[in-house]
Amino acid sequence: MPTVSVKWQKELFSNVEIDTSQSPYVFKCQLYDLTGVPPERQKIMVKGGLLKDDADWSKLGVKEGQKLMMMGTADEIVKAPEKGPVFAEDMPEEEQVIHMGHSAGLFNLGNTCYMNSTVQCLHSVPELKSALIKYPPPVRSNEVDQTSHLLTVATRDLFNDLDKNVKPVAPMRFLTELRKKYPQFAQLQNGVYMQQDAEECWTQLIYTLSQSLKSPSSSEAPDAMKRLFGIDLVSRVHCPESGEESAETESVYSLKCHISQEVNHLHEGLKHGLKSELEKASPSLGRSALYLKDSRINDLPRYLTIQFVRFFWKRESNQKAKILRKVDYPLELDVYDFCSEDLRKRLEVPRRILRDEEGKKLGLKTSDKNSGSTDDDVKMAEAEASSNRSGDSSKCEPVEDVPEKEKALTGIYDLVAVLTHKGRSADSGHYVAWVKQENGKWIQFDDDNPIPQREDDITRLSGGGDWHMAYICMYKARVIPM
Amino acid sequence: MAPAEDPNSTGSTGGGATRDQASVKVPAKDPKKKDEKKDEDLSEEDLALKQQLELYVERAQDSDPGLQKAALESMRQEIRTATSSMTSVPKPLKFLRPHYGTLQAHYEKMADSDLKKLLADILSVLALTMSPEGERASLKYRLLGSEGDIGSWGHEYVRNLAGEISQEYAKRQTEEALIDDLMELVGQIVAFHMKHNAEPEAVDLLMEVEDLDLLVEHVDNANYKRTCLYLTSSAKYLPGPDDMLVLDIAYTIYMKFEEFPRALQIALYLDNMQYVKQVFTSCNDLRKKQQFCFILARHGITFELDDEMSPEDEERESLQEIINNTKLSEGYLTLARDIEVMEPKSPEDIYKAHLLDGRASGGGSVDSARQNLAGTFVNAFVNAGFGQDKLMTVPSEVSSGGSSTSWLFKNKDHGKASAAASLGMILLWDVDSGLAQLDKYFHSTDTHVVAGALLGVGIVNCGIKNDCDPALALLADYIDKEDSSIRIGAIMGLGLAYAGSQNEQIRSKLTPILGDAKSSLDVIAFTAISLGLVYVGSCNEEVAQAIIFVLMDRSESELGEALARLLPLGLGLLYLGKQESVEATAEVSKTFNEKIRKHCDMTLLSCAYAGTGNVLKVQHFLGQCAQHLEKGETYQGPAVLGIAMVAMAEELGLEMAIRSLEHLLQYGEQNIRRAVPLALGLLCISNPKVNVMDTLSRLSHDADTEVAMAAIVSLGLIGAGTNNARIAGMLRNLSSYYYKDASLLFCVRIGQGLVHLGKGLLTLSPYHSERFLLSPTALAGLVTLLHACLDMKAIVLGKYHYVLYFLVLAMQPRMLMTVDENLKPLSVPVRVGQAVDVVGQAGRPKTITGFQTHSTPVLLSAGDRAELATEKYVPLSPILEGFVILKENPEYREDN
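Residues numbered from 1 in each chain as written. Chains lettered and ligands numbered in written order. Predicted model: local features only at pLDDT ≥ 70, side-chain atom pairs only at ≥ 80, totals over all residues. Heavy atoms only, no water.

For chain B, an unreviewed UniProt entry supplies the name 26S proteasome non-ATPase regulatory subunit 2 homolog and the organism Fraxinus pennsylvanica. What the UniProt record of chain B gives under Function (unreviewed entry) is the line "Acts as a regulatory subunit of the 26 proteasome which is involved in the ATP-dependent degradation of ubiquitinated proteins." Its UniProt record gives chain B a comment under Sequence similarities (unreviewed entry), which states: "Belongs to the proteasome subunit S2 family." (UniProt positions renumbered as here; feature names shortened; annotations may be inferred.)

Looking up chain A in an unreviewed UniProt entry gives the name Ubiquitin carboxyl-terminal hydrolase, with the organism given as Fraxinus pennsylvanica. The UniProt entry for chain A carries the following comment under Subunit (unreviewed entry): "Interacts with calmodulin (CaM)."

Next up, the structure:
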């Protein structure tokens, strides 16, 4: 009966006797006593292989004092979890989108960056998406002509594609429909499609959608586009010569920011844009006279579109030339100053509530300032995000109109999308969309290439050089529940 | 006659010397004209000397022998005493120049006599400056002369003579004339040189006359070190077989002076096991033998001690244990504890995404299989050998009890194999606990997990030998299983665990797989590599035959697959560094299918000459790279790698190769450009040279993604285990640059993992012992990975990512660990600095520069050298690397 020593992990059991008349299984049971490893899980290494349960000791030639090595644990055997993790690679593309944090890019189909950037900006409006999903309504009004209808359908499908894909999308159908509806976008130069003005594209698209998305029955709430983008203006038209005064109301889809020598900031530009001079026949004077028109906002939209009037027709060069002047714009815009008295009154209560709420938040924030490392900007962003989120969640509800009414506008807007232009004239250069995603991150959609950007870089698009500069800004209203 | 008093002739400073020089240089061209002129501005003393010498010349031609003798002797006296500075011709010689012709003429007329010999001596010296090149007059007169003490005429004379001898020798060799008289002279010269600190000259002369054995008689305690250093360093630049001869002499000398560690080094360099054995048998000191064992262990060869080498059983067992590397894990952990890096690191600690602004990828909530796999490798590389990490070895209660699934199952399919194997990497070298922890995976129902466990066993055992052969016992049963991933796991595991062992059992188990027509190509490819690793550099015929048959039998389409490139490599590894031995096999390879023929040829050649620095082979490879290929040919990849493999042997060749590779980048075809980054990675492995770093950084943004991927992985290779901040920063920026491209991002992660290999304690360099020895297994591992990287998309980014574990063969702690005579760690102060090349320098030059003093254990970077900063201990190995045993210095006394 030779005695051997058995090494198991870091332990050494010396003087283990082997009963060579018994099968090695018995020996394994001996070791079970010592180590607690069940025999079937023991692996004992003898020269040249593992010790089999039915092996013959005599053939193995175990010598007195030989060292054997045993491997085995009583540990639980690893089992694959019942529900394995889902890997991004296995997911359908729609789900990957969610995890990517932004939607897909759009291929440039030959000088179509003006269109791509417009689509990307508008695509960021969830309410527009939901409105489009409902299109066409069960009862189609006859007012909508065929081309508008097709363009709307194309828009709806394109938005859908953007949401479902990770890889860039080619907006072929949309482009065709757009060119059908507005042949000016199909202009050719030297056999290739020309670069176009994004603002024109934007305006036309909004116009078409506003036409086609109008509720067929006028009894219901104002049409969706109007509610989302429409701005009501009341203007006082005053003639200094005759002292005549009249009031006008009009509805527009964007505010203009005029850029002149004095304008350094969006605020000034807007103020400028709301005042205009016009010449018209004066009934009292019996001739045409100069009238001053002073507009004020009477009703605010969910999404405020601001166009920087950067292009003007330059006769000498026969093109739309660009004003490179730097005009700063804020991430958070307060339009209270431009509102009519009437609107101001309506805004007062919601604004107070908002101020209180923010004050409360700030108060809270100051108390844990020591622990937090975030600066104020981030807090603001958080606050925005939280308010946005609450807004979004309610808006996603099927019955949209009811919660909508419970939300009150405050006249405070947050920047959500910037359409920029790079180059020296509207019909040349490059258009790019910078869009804030629902997770608060900014993405630069440069045609088929979405690139994450920092918020700081967004405000740097204010012009004054040859870098991308803001051409159209879209602000989202900050609302509070009432 | 009084010795020359002229201060100008002896002084080496002052205006006199410069004037002398100026006046000497010119007359060499036009002696007569200058002589007349010079008479005028000679000082009185010089003039007197000149006239005196002229008188001697005249008298030497006198008919009176007495007068003649007196004249010649005074002339000789004059010349001998006037040996002066090296830069100017001694005065007497200068003044005698015009009379060289007359004396020569007179000599011819003289009858044979002692006087004639005396004159021959003088003529021999005068010929030093006078005789036209190629006539070897100095040697001629020397042989005719009196054969007196050669050194009495000064160094310059001896050196000139040595030069003429080598010319004469070459001439006589072609004429097949006798050389006895020359050899006698050589003997004198060598003796003179060796006595006067001019070992390089002596060695050079002996090399010229091909009689290095003579050297052994002349070395003594004072000069053998310098002599051998010169011999070993010059061996690198000698064509074969001379280099072997030179090293042989060096070995003999070291053995003669009982400088055993050095002798052992040379024996290992020569790969001569007989010599290794001789070292053991010649030495009786157990401590020294232990040190030898540490050196053998670092070199990574399998070596069995027998009774002769160590007569006592117990002693032998303890020595064998050291060779088997069982102490490695312990020492490595001691180092880690000393440096305080035991704390496990997670992949996120390595990525340092917080240092990147804004770009950190958005989601993060969902696991990406590719990124998790990258995390697995990063985790394995970073925590290699530490036995703990934050993913694989977290306590079981967390993984089993908690709702979170263990990291293993966060990997997909074949990714699980790499994940399970990573446990082996984390427990590297610690066989006992490694096997215990891997055990649980053996019982898994998932084939990939089992495959990973098998591979893990191989990794744990890499470089460690154990009497029980646990790896063989565990893996052998699995190599014939149905599932090919399990088979590959077991086969690769065996290859890693027994690399370099030439284990017969493994051969008998693996070769049948090659012959089996049913085995799939991937199984065969890994079998070929494993056999190549086990029999690395052995030239084993049977294994070679088996692989050759596969290469002949397999269909053309199979040979076109990406993994097929591992077959020729397996064959090549058999001949790693064995130079001409490959020729027969290379001949056979010419009969292969044309698809793989050239590829095979390049691979064989590159392996055979790996680490030799053979310039001709480098040129051959460069020539191959200059060809413009038909589509689909792949052989230029191995050729480019071949340049690196051959040229990596020594610094000069390495620098030249780097520059050649730059040229290939400019002018080479795309498949060459793809291999260049990998070649650069091999040349500077674990040695981040700034110029290479810049090149790779540039290539990492290349328009060709394959080039970019290779460059990124190579950035990891050159920075492997250095924690180099610059490379880490580059890779971090790349991770944000390529955040969208999963494949490139994977490469970036691998690179990051490599840079922080073993938290900066490991190196991948196959060179050790002051960059003298090349570990064949380490090189084999590197080359295998690089060949796999030649087709990144199909192999590393495909489902064979575990080829990355071949790196484990090259992983070694880059430490100096000093231990006492009981092999317990002993902390002593050491100076660590940049190594200085002291070859051929006289005296005791400083061997390191810019040093800092640390206490052991310390880390050594590429090109670093350490020396003890205390006299208290004596190291048993002259090379302070790895484990070094210190002995107390008996002569040491405390200062106060």
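Continuing now.
(A) Just the overall build of chain A, in detail. Looking only at helices and strands, chain A features 14 helices and 21 strands. Expressed as a percentage of the 482 residues in chain A, the buried residues total 45%. Restricting the contact set of chain A to residue pairs at least 6 apart, pairs at least 24 apart contribute 67%. Carbon and sulfur atoms make up 52% of the accessible area of chain A, which amounts to about 23,800 Å² in all. (Helix = DSSP H or I, 4+ residues; strand = E, 2+ residues; numbered from the N terminus. Buried < 20%, exposed > 50% of the residue type's maximum accessible area, 1.4 Å probe, protein only. Contact = heavy atoms within 4.5 Å. Areas by Shrake-Rupley, 256 points an atom, 1.4 Å probe, with all protein chains shown as cover.)

(B) Geometry of unusual backbone geometry. Omega for the bond connecting threonine 856 of chain B with proline 857 of chain B falls within 30 degrees of zero, at -5 degrees, which places this linkage in the cis form. Phi is positive for asparagine 111 of chain A, close to 55 degrees, though the residue is something other than glycine. By relative accessible area, asparagine 111 of chain A is classed as partly exposed at 34%.

(C) The arrangement of the sheet that holds strand β8 (residues 858-859) of chain B in detail. Residues and elements named next belong to chain B. Spatial strand order, β8-β5-β11-β10: four strands in an open sheet with mixed pairing. Here the strands that pair on one side only, and so sit at the sheet edges, are β8 and β10 (873-875). In this structure, strand β5 (residues 815-819) lies alongside β8, joined through two bridges in antiparallel fashion. Residue methionine 815 lies in a different strand from β8, and its bridge partner there is leucine 859. Here helix α20 (residues 328-339) sits on the sheet and contacts β5, β8 and β11 (882-888); the angle it forms with β5, its principal contact strand, is near 105 degrees. (Pairing = 2+ DSSP bridges. Axes fitted to C-alpha atoms, helices over the stretch in contact; angles between N-to-C directions.)

(D) Structural context of the packing of helix α41 (residues 705-718) of chain B against helix α42 (residues 725-737) of chain B. Residue and element names in this part refer to chain B. Where α41 meets α42, the axes come as close as 10 Å, and the angle between the chain directions of the two elements is 155 degrees. The angle between α41 and α42 falls in the class roughly antiparallel. In the crossing of α41 with α42, the sense of the turn from one axis to the other is left-handed. Each of Ile712, Leu715 and Ile718 in α41 lies in contact with α42, whose residues at this interface are Ile727, Met730, Leu731 and Leu734. Taken together, the residues that form the contact of α41 with α42 break down as seven nonpolar, no polar and no charged. (Parallel < 35°, antiparallel > 145°, perpendicular 65-115°, else oblique. Left-handed = near helix turned anticlockwise from the far one by under 90°. Nonpolar A, V, L, I, M, F, W, Y, C, P; charged D, E, K, R; others polar.)

(E) Expanded view of the packing of aromatic side chains. Residue and element names in this part refer to chain B. Here the structure, examined in full by the defined rule, presents 24 aromatic pairs over all chains. A centroid spacing of 5.3 Å and a plane angle of 50 degrees characterise the contact between tyrosine 332 and phenylalanine 386, whose relative ring orientation is tilted. Here the residue tyrosine 332 occupies a position in helix α20, and phenylalanine 386 occupies one in the loop between α22 (369-382) and α23 (396-401), the gap between them amounting to 54 residues. Judged by its relative accessible area of 3%, phenylalanine 386 is buried. Ring centres of tyrosine 332 and tryptophan 429 lie 5.4 Å apart, and the angle between their planes is 85 degrees; on these two criteria the pair is classed as edge-to-face. Taken together, the residues tyrosine 332 in helix α20 and tryptophan 429 in the loop between α24 (414-426) and α25 (431-442) connect sequence positions 97 residues apart. (Phe/Tyr/Trp six-rings, centres within 6.5 Å; stacked < 30°, edge-to-face > 60°.)

(F) Highlighting the environment of proline 132 of chain B. Relative to the helices and strands, proline 132 of chain B is located in the loop between α8 (114-130) and α9 (137-144). Residue class for proline 132 of chain B comes out partly exposed when judged on its relative accessible area of 44%.

(G) The arrangement of a nonpolar patch on the surface in detail. Residues and elements named next belong to chain B. A cluster of nonpolar side chains, Tyr237, Leu652 and Met656, forms an exposed patch at the surface whose accessible area comes to about 360 Å². By secondary structure assignment, the location of leucine 652 is in helix α38 (residues 651-667). By relative accessible area, leucine 652 is classed as exposed at 53%. (Patch = residues over 30% accessible without salt bridge, like charges linked within 9 Å, V, L, I, M, F, W, Y side chains within 5 Å. Salt bridge = Lys/Arg side-chain N within 4 Å of Asp/Glu carboxyl O.)

(H) Spatial organisation of the pairing of strand β1 (residues 3-8) of chain A. All names here are of chain A. The element β1 is largely enclosed, with a buried count of five among its six residues. Bridge analysis of β1 against strand β2 (residues 11-17) gives five bridges, and the strand direction is antiparallel. Residue pairing in the sheet places tryptophan 8 in a bridge with glutamate 11 of β2. Connecting the antiparallel pair β1 and β2 is a turn made up of two residues, with glutamine 9 showing a positive phi of about 50 degrees. Where β1 lies against strand β5 (residues 67-71), four bridges are found, and the strand directions are parallel. The residue of β5 that forms the bridge with tryptophan 8 is methionine 70.

(I) Examining the sheet that holds strand β7 (residues 848-855) of chain B more closely. Residues and elements named next belong to chain B. Taken in spatial order, the three strands line up as β7-β6-β9 in an open sheet, and their pairing is antiparallel. Pairing within the sheet leaves two strands with one partner each, and these edge strands are β7 and β9 (864-868). Averaged over neighbouring strand pairs, the angle between their axes works out to 30 degrees when direction is ignored. As defined by bridge partners, strand β6 (residues 829-835) adjoins β9 across five bridges and the pair is classed as antiparallel. By the bridge assignment, glutamine 834 is partnered in β9 with aspartate 864.

(J) Region of the structure containing the pattern of salt bridges. Applying the stated criterion across every chain yields a total of 47 salt bridges over all chains. Residue glutamate 168 of chain B pairs with arginine 172 of chain B through a salt bridge whose shortest N-O separation is 3.0 Å. Of this pair, glutamate 168 of chain B and arginine 172 of chain B both sit in helix α10 (residues 155-175), four residues apart, roughly one helical turn. Side by side, glutamate 168 of chain B and arginine 172 of chain B carry an identical accessibility label, which is buried. Ionic pairing is found between arginine 287 of chain B and glutamate 821 of chain B, a salt bridge with its closest N-O pair at 3.7 Å. In this pair, arginine 287 of chain B sits in helix α18 (residues 286-299) while glutamate 821 of chain B sits in the loop between β5 and β6, placing the two residues 534 residues apart along the sequence. For arginine 287 of chain B, a relative accessible area of 22% translates into the label partly exposed. Here the residues in one salt-bridge network are Glu332, Glu358, Asp414 and Arg478 of chain A, joined through shared partners.

(K) How the structure looks around the state of the cysteines. All names here are of chain B. Here the structure, examined in full by the defined rule, presents zero disulfides over all chains. Free of any disulfide, cysteine 607 has its nearest cysteine sulfur in cysteine 600, 9.8 Å distant. On the basis of relative accessible area, cysteine 607 is assigned to the buried category, the value being 0%. Of all cysteine sulfurs, the one in cysteine 789 lies closest to cysteine 684, which takes part in no disulfide; the gap is 16 Å. Assessed through its relative accessible area of 1%, cysteine 684 is described here as buried. (Disulfide = S-S within 2.5 Å.)

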